[in-house]
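# Coordinate inspection notes
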Protein chains: 4
Amino acid sequence: MKNTATLLITCPDTKGIVAAIADFLLQHNANILHADQHQDAENNLFLMRVEWDLTGFNLDEASFNHAFSEVANKFSMQWQLKLSQHKTRVAIMVSQYDHCLADLLHRHKSGELACEIPLVISNHRDTENLVKFYGIDFHHIEVNKDNKAQAEAAQFKLFADYGIDLIVLARYMQILSPDFVSRYPQRIINIHHSFLPAFIGARPYHRAFERGVKLIGATSHYVTEVLDEGPIIEQGIDRISHRDQVEDLIQKGRDLERVVLSKAVSWHIENRILLYANKTVIFD
Amino acid sequence: MKNTATLLITCPDTKGIVAAIADFLLQHNANILHADQHQDAENNLFLMRVEWDLTGFNLDEASFNHAFSEVANKFSMQWQLKLSQHKTRVAIMVSQYDHCLADLLHRHKSGELACEIPLVISNHRDTENLVKFYGIDFHHIEVNKDNKAQAEAAQFKLFADYGIDLIVLARYMQILSPDFVSRYPQRIINIHHSFLPAFIGARPYHRAFERGVKLIGATSHYVTEVLDEGPIIEQGIDRISHRDQVEDLIQKGRDLERVVLSKAVSWHIENRILLYANKTVIFD
Amino acid sequence: MKNTATLLITCPDTKGIVAAIADFLLQHNANILHADQHQDAENNLFLMRVEWDLTGFNLDEASFNHAFSEVANKFSMQWQLKLSQHKTRVAIMVSQYDHCLADLLHRHKSGELACEIPLVISNHRDTENLVKFYGIDFHHIEVNKDNKAQAEAAQFKLFADYGIDLIVLARYMQILSPDFVSRYPQRIINIHHSFLPAFIGARPYHRAFERGVKLIGATSHYVTEVLDEGPIIEQGIDRISHRDQVEDLIQKGRDLERVVLSKAVSWHIENRILLYANKTVIFD
Amino acid sequence: MKNTATLLITCPDTKGIVAAIADFLLQHNANILHADQHQDAENNLFLMRVEWDLTGFNLDEASFNHAFSEVANKFSMQWQLKLSQHKTRVAIMVSQYDHCLADLLHRHKSGELACEIPLVISNHRDTENLVKFYGIDFHHIEVNKDNKAQAEAAQFKLFADYGIDLIVLARYMQILSPDFVSRYPQRIINIHHSFLPAFIGARPYHRAFERGVKLIGATSHYVTEVLDEGPIIEQGIDRISHRDQVEDLIQKGRDLERVVLSKAVSWHIENRILLYANKTVIFD
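Please read all numbers here as calculations on a predicted model, not as lab measurements.

Calculation rules
Residues numbered from 1 in each chain as written. Chains lettered and ligands numbered in written order. Predicted model: local features only at pLDDT ≥ 70, side-chain atom pairs only at ≥ 80, totals over all residues. Heavy atoms only, no water. Helix = DSSP H or I, 4+ residues; strand = E, 2+ residues; numbered from the N terminus. Buried < 20%, exposed > 50% of the residue type's maximum accessible area, 1.4 Å probe, protein only. Polar contact = N/O pair within 3.5 Å; in protein donor to acceptor, adjacent residues only side chain to side chain. Contact = heavy atoms within 4.5 Å. Buried area = accessible area lost by both parts, 1.4 Å probe. Salt bridge = Lys/Arg side-chain N within 4 Å of Asp/Glu carboxyl O. Pairing = 2+ DSSP bridges. Axes fitted to C-alpha atoms, helices over the stretch in contact; angles between N-to-C directions. Domains from an automatic or database assignment. Nonpolar A, V, L, I, M, F, W, Y, C, P; charged D, E, K, R; others polar. Least-squares fit on C-alpha atoms with pLDDT ≥ 70 in both. UniProt positions renumbered as here; feature names shortened; annotations may be inferred. Core = buried A, V, L, I, M, F, W, Y, C linked by side-chain atoms within 4.5 Å.

## What about the side chain of B:Asn123?
All names here are of chain B.
- Along the chain, Asn123 turns up in the loop between strand 6 (116-122) and helix 4 (128-133).
- For Asn123, a relative accessible area of 7% translates into the label buried.
- Reaching out from Asn123, the side chain makes a polar contact with the side chain of Ser95 at a distance of 3.0 Å.
- Each residue touching Asn123, except ones within four places of it in the same chain, is listed here: Val94, Ser95, His140, Ile141, Glu142, Val143, Tyr172 and Gln174.

Pasting the structure below:
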């Protein structure tokens, strides 16, 4: 089992940043495994991900935080440390379409997703057996136009009880309240079944069919208060033709949705995503 | 050199259409080379493309029209016959970006596009040498806010003089007037540098960059009176990442635009496109 | 539930085939839903798939066979009728990697695969729980170098007992004997984890990694007596880079394998595949 | 016009490399624009590309070489410096198919390829006019089975006279002698019209057609003494179907070849390619 630390850094771009970080890590005997950086000239931003082996590293988490803050302050860094052994705890929310859920659960069981999935919440009971087959707690919380606030309160309580770090909307067909969204900034990932910004909102496959496009797509993104406008993490497309009816689009789309959502989740839990200017930098 | 006829047919779907067409062709000794059909259950439409060798076929164009109208009337067909030896005459309109133009001219010279290209019109002089290198007439018609109607009148005259069947907008950066569009229904093909319906209108690569999409695209479509809303013929996409600046999107986009536009042109001139309900059926 | 018939036809190309088939179907009151044909000029072959609604069709299966044989004989047709209500019975064979199996079972349950899957055979016990979760019989038949003939005999018996029409090798890591292969011609589909003909044989991802390719692939094909040389049904690829280790290739490959295998299975059970000259024609 | 330096480094992986490089660049006032690194754990290799603005940098090329050798020696680095203002001089060799040539020349003229192309050599005269249109010297050197050594001697002389750094085989249909290949290690780029290692050698599209693959590809690679076995730089694929004849494969392949070859050339001239173990690392 991996025992590494990952550091994500954003700061104004200036000379000496890489040298300062590299010197700091060398001084504390870090064995760097991967490092990737990006400079956004337009916004004068420096962004970096560095991962090192903790074997031989001479700082624990608390002392790292203390020691690194000197470097961080000098360059006005925003930063975020993640230890591979502290696994992200993921809750999946789902309605009736279970293809993304089944895919995530199977990948998790196969060892593809290095997270914990202790909790699935649904407003339907359709997926209960599948969830239980994988040994995961299933909670049914009905949502209707009258009980939304109450239902979300119950959801928040579950997130707290299970120590949830990340919420994945795996074709959850309810719109979250602004309160919900603001509680979990950059911690809610959704899958939308179109290549955004085309076909924002409901029934994108039907509208794609009506428009006569030759490609359909899927988009995973962080949820923000504006519907389908959050930072895009990943997108995929597939070709269609006049032979494809709406049902074919929906079926082909399922394959896109599975892959696109699972990539977003894996990048998030591996601390590979940096956000700025409503965009993502993916250090993959 | 090929000597074939291609027939495109649209009609209400009912029993006996294929039998009637096949019997008609057999009776006149047609050697069918390709046949492709499509049924749209939702709209109860039958669509077909059939191509046959003219060697041994016992009708000329005039007698075909007469003889086939009996079948066509029985099934309320809209139909369109094209002889391979009657090549489509194409005019290309272009502004300053010449990548699509250069691509079309090279493909044409290589024998990929079975059409004639007697005419290129531009509102700039940048592409004049390239056009002349390929032995094609170049006409410079300046367009500004004051002379648009006059400029278009000059264009219409050239189209008439050169016997133009199809107008290809190969990154022509002027918006055509409603009068222009209505004169050449289903005879103007444009390339738009986004995967429509995303980023309709101006500067799509810049807006794609700002939105932080992970894919860029290009779309070829017939021009109708509503900007970028005409029937889509072909679309292509390419992946981008945070490393790509706007300039990289523009460069990658050029490769998409070339391929997507040239496919649309080749399908049109080979009589492979049927339109209905603002969509295309491509018999490729 | 659909109630249609599908007819696949191969014969020497000559005039009058389409007319004869169309006339026959019209005469028996068939409502054609889809028809697709292909002519191979090089081999002078005509290939066709036609699907019609059985409502109102005035022949049952036995009388169809009798009545159609007159047309078929005239044109020396090989033909194959399939009724949608007579569902293909599929056995899946699997070893330890369960991603293709899990995918097929989930698609089947979701209604994507219009077949029956009464039987899974494995030389390991790893997938037993998963198979049983979907309510399917699981049979463990160990295979080693000493018991191969005996193991295959047990497999043949199961295929017979369960009335199996199609055998899907969903990452089954044993090589079938020539006897096995010859018993089920065009009825065994395999998934190979490379874009054939590259990397025939064992450990293709490792060899792809060593060769430094920039793309990996997966291929579904019918099994013939020559390893990995059977007719290709479908192929998919994904991009890789120097950042991808063998493990990443294997993981990315799983997504390809799932999609490529499931397409092959769905096309087979929908009677969309015609074989000739060690190639497939896919009427999709 | 850009005024940057690019440094490519390969060395055994150990602690302190990044810090040493970053400190060196900081000390000499380099403004780093891009940096990308890769660690190959299996081979214990560290590979890096770093690009910095020369404005304000306090070393010229000679003093850089002297000053950096201390760092380089400490870590046993192989390294290579390239200044953006010292443009790679490219010779293109071509036979009769001119699609890659036309594409490279058009990209170069459009400013996509930051190199000089002073020389085109062909064993035919077909492309002479095209080359001259772009203002480039064209040399016709016939090659036959009797004059190969003599022809290559004439080619070597031209490479020397024109100060050529990189030789691009843009569908040059002659096999180079071992002597030719050994004179220009990692300086000859070829385009092969298949997804290697499938269909090594002659007539790959014909063999792809016969095998019945569902994808065709193209591969750009450095030329080594073993035919089609050199390090792969880039690959692309396109889907085909049973409707595509050999001629269609060849036509679709042209679009792949153009893009795949031009990417390889642009990465080479931008100093983005590191080679090891017969593989490429592309820092794009």
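Picking up after the structure, the text goes on.
## Structural notes on the interface of chain C and chain A
- Opposite the 20 residues of chain C that make contact, chain A presents 20 residues.
- For the chain C and chain A pair, buried surface summed over both sides reaches about 1700 Å², with 44% attributable to carbon and sulfur atoms.
- A per-residue breakdown of the area chain C buries against chain A is headed by C:His106, C:Glu112 and C:Phe133, which together make up 31% of the total.
- For the interface between chain C and chain A, the tally reads 4 salt bridges.
- Note that C:Arg254 and A:Glu112 form a salt bridge whose closest N and O atoms lie 3.0 Å from each other.
- Here chain C and chain A share 7 residue pairs in polar contact (both at pLDDT 80 or more) between them.
- Those elements that provide at least two residues to the side of chain C that touches chain A are helix 3 (99-110), helix 4 (128-133) and helix 8 (246-269) of chain C.
- It is helix 3 of chain C that contributes the most residues to the side of chain C that touches chain A, 6 residues altogether.

## Considerations on the pattern of salt bridges
- Tallied over the full model, the rule gives 76 salt bridges over all chains.
- Among the salt bridges present, the one from B:Arg239 reaches A:Glu234, with a minimum N-O distance of 2.6 Å. Remark: A:Glu234 occurs in strand 11 (residues 232-239) and B:Arg239 occurs in strand 11 (residues 232-239); the pair is interchain, linking two chains.
- Given the relative accessible area of 36%, B:Arg239 is considered partly exposed.
- In this structure, C:Arg211 and D:Glu229 form a salt bridge, with 3.7 Å as the shortest nitrogen-oxygen distance. Here C:Arg211 is found in helix 7 (residues 204-211), whereas its partner D:Glu229 is found in the loop between strand 10 (215-222) and strand 11 (232-239) on a different chain.
- Accessibility expressed as a relative area gives 10% for C:Arg211, which makes it buried.

## Observations regarding the sheet that holds strand 5 (residues 89-94) of chain C
All names here are of chain C.
- Spatial strand order, 7-6-5-8-9-10-11: 7 strands in an open sheet with mixed pairing. Two strands bound the open sheet, and with one partner strand each, they are strand 7 (137-140) and strand 11 (232-239). Strand-to-strand twist in this sheet, taken as the mean axis angle between neighbours without regard to direction, amounts to 20°.
- Summarising the sheet, strand 8 (residues 166-169) and strand 9 (residues 188-192) pair through 3 bridges and their orientation is parallel. Across the sheet, the residue bridging to Leu169 is Asn190, located in strand 9.

## Observations concerning the domain arrangement of chain A
Residue and element names in this part refer to chain A.
- Entries for chain A in the domain assignment read domain 1 (4-83) and domain 2 (89-282).
- Using C-alpha coordinates to define each centre, domain 1 is positioned 31 Å away from domain 2.
- Contact residues are listed per partner, giving 14 residues for domain 1 and 8 residues for domain 2.
- For the pair domain 1 and domain 2, the summed buried surface comes to about 930 Å²; carbon and sulfur atoms form 55% of the total.
- When the buried surface of domain 1 facing domain 2 is broken down by residue, Leu8, Arg49 and Lys82 rank first, second and third, together holding 47% of it.
- Where domain 1 packs against domain 2, one counts 0 salt bridges.
- Across the domain 1-domain 2 interface, the total number found is 5 residue pairs in polar contact (both at pLDDT 80 or more).

## A word on the interface of chain A and chain B
- Taken together, the contacts link 36 residues of chain A with 36 residues of chain B.
- Among the residues chain A hides against chain B, the three largest losses belong to A:Arg211, A:Lys214 and A:His242. Together they make up 24% of the total.
- Linking chain A with chain B are 6 salt bridges.
- Here chain A is connected to chain B by 21 residue pairs in polar contact (both at pLDDT 80 or more).
- Secondary structure elements with two or more residues in the side of chain A that touches chain B: strand 2 (31-40), helix 7 (204-211), strand 11 and strand 13 (279-282) of chain A.
- Counting residues per element, the side of chain A that touches chain B draws most heavily on strand 11 of chain A, which supplies 7 residues.
- Its residues assigned to classes, the side of chain A that touches chain B comprises 15 nonpolar, 10 polar and 11 charged.

## Comments concerning the relation of the copies chain A and chain B
- You can overlay chain A on chain B at an RMSD of 0.0 Å; the transform is a turn of 180° with a shift of 0.0 Å along its axis. When the rotation and shift are considered jointly, the pair of chain copies conforms to a two-fold rotation axis. Among all C-alpha atoms of chain A, that of A:Ala198 lies closest to the rotation axis, at 2.3 Å.
- Comparing contact sets, 100% of the residues at the interface of chain A also lie at the interface in chain B, consistent with an isologous, same-surface contact.

## Digging into the UniProt feature "active site" (unreviewed entry) in chain A
- Mapped onto this numbering, the UniProt entry annotates "active site" (unreviewed entry) at A:Asp228.
- For A:Asp228, the position within the fold is in the loop between strand 10 (215-222) and strand 11.
- In this structure A:Asp228 touches A:Asn190, A:His192, A:Leu196, A:Ile200, A:Gly201, A:His221 and B:Arg211, once residues within four positions along its chain are discounted.

## Thoughts on the relation of the copies chain C and chain A
- Of the transformation superimposing chain C on chain A, the axial component is 0.0 Å and the angular component is 180°, with the fit at an RMSD of 0.0 Å.
- When you check the interface residues of chain C against chain A, 100% turn up at the interface there too, and the contact is symmetric in its surfaces.

## Some thoughts on the sheet that holds strand 10 of chain D
Residues and elements named next belong to chain D.
- The strand order 7-6-5-8-9-10-11 describes an open sheet built from 7 strands, whose pairing is mixed. A strand with exactly one partner marks an edge of an open sheet, and here the two such strands are strand 7 (137-140) and strand 11. Adjacent strand axes in the sheet meet at a mean angle of 20° when their direction is disregarded.
- Contacting strand 5 (89-94), strand 6 (116-122), strand 8 (166-169) and strand 9 (188-192), helix 3 (residues 99-110) runs over the sheet at an angle of about 165° to strand 6.

## As for the nonpolar core
- Formed by 193 residues in total, the largest nonpolar core has its most connected members in A:Ile92, B:Ile92, C:Ile92 and D:Ile92.
- If sequence neighbours within four positions are ignored, C:Ile92 has contacts with C:Leu101, C:Leu104, C:Leu105, C:Ile117, C:Leu119, C:Val120, C:Ile121, C:Val168 and C:Ala170.
- Of all hydrophobic cores here, the second largest spans 59 residues; its members include B:Leu81, C:Ala22, C:Ala30 and C:Phe57.

## Points about the pairing of strand 13 of chain A
All names here are of chain A.
- By the alternation rule, side chains of strand 13 split into Lys279 and Val281 and Thr280 and Ile282, which are all buried.
- The pairing of strand 12 (residues 273-276) with strand 13 spans 4 bridges and is classified as antiparallel. Within strand 13, the residue paired with Tyr276 across the bridge is Lys279.
- Joining the antiparallel neighbours strand 12 and strand 13 is a turn of 2 residues, in which Ala277 adopts a positive phi near 55°.

## Considering the UniProt feature "domain: ACT" (unreviewed entry) in chain A
- Here the UniProt feature "domain: ACT" (unreviewed entry) sits at residues 6-86 of chain A.
- In residues 6-86 of chain A, the share of helix is 31% and the share of strand is 40%. The end C-alpha atoms are 11 Å apart.

## Considerations on the environment of D:Leu119
Residue and element names in this part refer to chain D.
- Relative to the elements of secondary structure, Leu119 occurs in strand 6.
- Classification of Leu119 by relative accessible area gives buried; the value is 0%.
- Each C-alpha atom, one on Leu119 and one on Leu261, is 18 Å from the other, the two residues being 142 residues apart in sequence.
- Those residues in contact with Leu119 that lie beyond four places of it in its chain are Val90, Ala91, Ile92, Ile136, Asp137, His139, Leu158, Phe159, Tyr162 and Ile164.

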